[in-house]
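# Residue-level structure breakdown
The lines below spell out each chain.
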Amino acid sequence: MSNALHVRSTGAGEAVLVLHGLFGSGNNLGALTRSLQADYAVHALDLPGHGRSSWLEHYSLENLAARVSGWLEERHLPAVHVVGHSLGGKVAMQLALTRPGQVRSLVVADMAPVAYPAQHAAVLAALEAVALAEPESRDDALYCLRGHVAEAATQQFLLASLYRDEQGVYRWRFDWQGLARDYAMLSEAPTCAAAWPGPALFIRGGNSHYVPDAYRPAIFSLFPAARIDTLDGCGHWVHVEQPQRFNGRVARFLAEAATDIQAP
């Protein structure tokens, strides 16, 4: 049975799987994909319920990881390097913890293996406002967003996921209702039976609240070989705010991980 996951693949070499955050798509880490494609076969997935991938009846970290795992099996990719940002980082951790043989190395961008409190109320309200308004222009959609979300970067991030249907109405490409319904489940910590011992890099933004020092024990308890790097002067969207530094750290880590894995 097909997982019906949309993917953008480029490059050649060892496989790197790239997973985006909540309400995003595989395009969000395009700069990273382009920086790696000379040395790796990079696969940027749209997670279920996002982008052009199929929707699910229920969303949870396990359900998303299971779909990603099935996609890897369909592509006959036994083990891959996985890079995930935010929700994509949680899915990547879930995959490593429950299907350890499918992950060669792990990069998690500004996310920890913990349960997070609700923090997207304004965004969820904005999504509903746009859907109910059925705007016929992007300007109208932006007007709706501004009533709930003040940050211009967040507004533009969300606008990228609108499409115009046959009636000329702009609608969300992702399953906003399903993701809003199951938001609490996606905010939970990854589940596992045992720690994952492989090479792992956690990159956090120095100005972000997502991975404070208080979460270090949780990271090392599940990923004992992990390293935590901080990008000073950077918020949650580390790959957007400081792409060269972020991409460089990912590339160096992947090169080191490949060497460590191949060493006798």
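Scroll up to find the structure.
First things first, this report covers the structure right here in the doc. Residue positions are counted from 1 within each chain, in the order its sequence is given. Local features are withheld for residues below a pLDDT of 70 in this predicted model, meaning they are given only at 70 or higher, and side-chain atom pairs are given and counted only at 80 or more; totals for whole chains, interfaces and linings count all residues. Based on all heavy atoms of the structure, the side-chain values leave hydrogens and waters out of the count.

Any residue under 20% of the maximum accessible area for its type is buried, any over 50% is exposed, and the rest in between are partly exposed; the area is computed with a 1.4 Å probe on protein chains only. Numbered from the N terminus, helices here are DSSP runs of H or I no shorter than four residues, and strands are runs of E no shorter than two. Turning to helix α5 (residues 138–146), its buried residues number three or more, namely Ala141, Leu142, Cys144 and Leu145. Seen end-on, α5 carries its buried residues on one side only, within an arc spanning 155 degrees. Among the exposed residues of α5, those pointing more than 90 degrees away from its buried face are Asp139, Tyr143 and Arg146. In what follows, residue pairs with any heavy atoms lying within 4.5 Å of each other are defined as contacts. Next to the buried residues of α5 lie α4 (121–133), α6 (152–159), β6 (162–164) and β7 (170–172). Here the arc refers to the directions that run from the helix axis out to each C-beta atom.

All right, on to the packing of aromatic side chains then. In this scheme Phe, Tyr and Trp rings, the latter by its six-membered ring, pair at centre separations within 6.5 Å, and the angle between planes marks the pair as stacked below 30 degrees, edge-to-face above 60, and tilted otherwise. A full pass over the atoms with the stated rule returns seven aromatic pairs. Seen from their ring centres, phenylalanine 157 and tryptophan 237 are 5.2 Å apart, and the 45 degrees between their planes marks the pair as tilted. Of this pair, phenylalanine 157 sits in helix α6 while tryptophan 237 sits in the loop between β9 (226–231) and α10 (238–241), and the two are 80 residues apart along the sequence. Among the aromatic residues, those joined into a ring-pair cluster are Phe23, Trp172 and Phe174.

To get an axis, a line is fitted to the C-alpha atoms, and for a helix only the part in contact is used. The angle between two axes follows their N-to-C directions and goes from 0 to 180 degrees. Viewed as axis vectors pointing N to C, α4 and α5 meet at an angle of 140 degrees, and their least axial separation amounts to 8 Å. Considering their axes alone, α4 and α5 lie oblique with respect to each other. When the axes of α4 and α5 are compared, the crossing they make is right-handed. Along its contact with α4, which presents Ala126, Ala129, Val130 and Ala133, the element α5 presents Ala141, Cys144 and Leu145. Here the residues of the contact of α4 with α5 sort into seven nonpolar, no polar and no charged. Under this scheme an angle from 65 to 115 degrees is roughly perpendicular, one under 35 degrees roughly parallel, and one over 145 degrees roughly antiparallel; angles in between are oblique. In this scheme the crossing of two helices becomes right-handed for a clockwise turn of the near helix relative to the far one and left-handed for an anticlockwise turn of less than a right angle. Amino acids outside the nonpolar list (Ala, Val, Leu, Ile, Met, Phe, Trp, Tyr, Cys, Pro) and the charged list (Asp, Glu, Lys, Arg) are all regarded as polar, and Gly is one of them.

With that out of the way, let us pick up the sheet that holds strand β2 (residues 14–19). Strand order in the open sheet made by the seven strands is β1-β3-β2-β4-β5-β8-β9, with mixed pairing throughout. If you trace the sheet from one side to the other, it starts and ends with β1 (7–10) and β9, each paired once. Neighbour-to-neighbour, the strand axes of this sheet turn through a mean angle of 15 degrees, independent of strand direction. Two strands form a pair only when DSSP identifies at least two bridges running between them.

The next thing to look at is the packing of α5 against α6. Where α5 contacts α6, the axes come no closer than 10 Å and their chain directions differ by 135 degrees. By the angle class used here, α5 and α6 are oblique. With respect to the hand of their crossing, α5 and α6 are arranged in right-handed fashion. On α6, the residues touching Arg138, Ala141, Leu142, Leu145 and Arg146 of α5 are Gln155, Leu158 and Leu159. A per-class count over the contact of α5 with α6 returns five nonpolar, one polar and two charged.

Looking at where leucine 17 falls in the secondary structure, it is placed in strand β2. In this structure, leucine 17 is in contact with His43, Leu45, Val68, Trp71, Leu72, Val80, His81, Val82 and Val83, ignoring residues within four places of it in sequence.

We now examine the side chain of threonine 33. With respect to the helices and strands, threonine 33 occurs in helix α1 (residues 30–36). If near-sequence neighbours (up to four positions away) are discounted, threonine 33 is found in contact with Thr10, Val18, Val42 and Ala44.

Distances and angles like these do not, on their own, reveal function.
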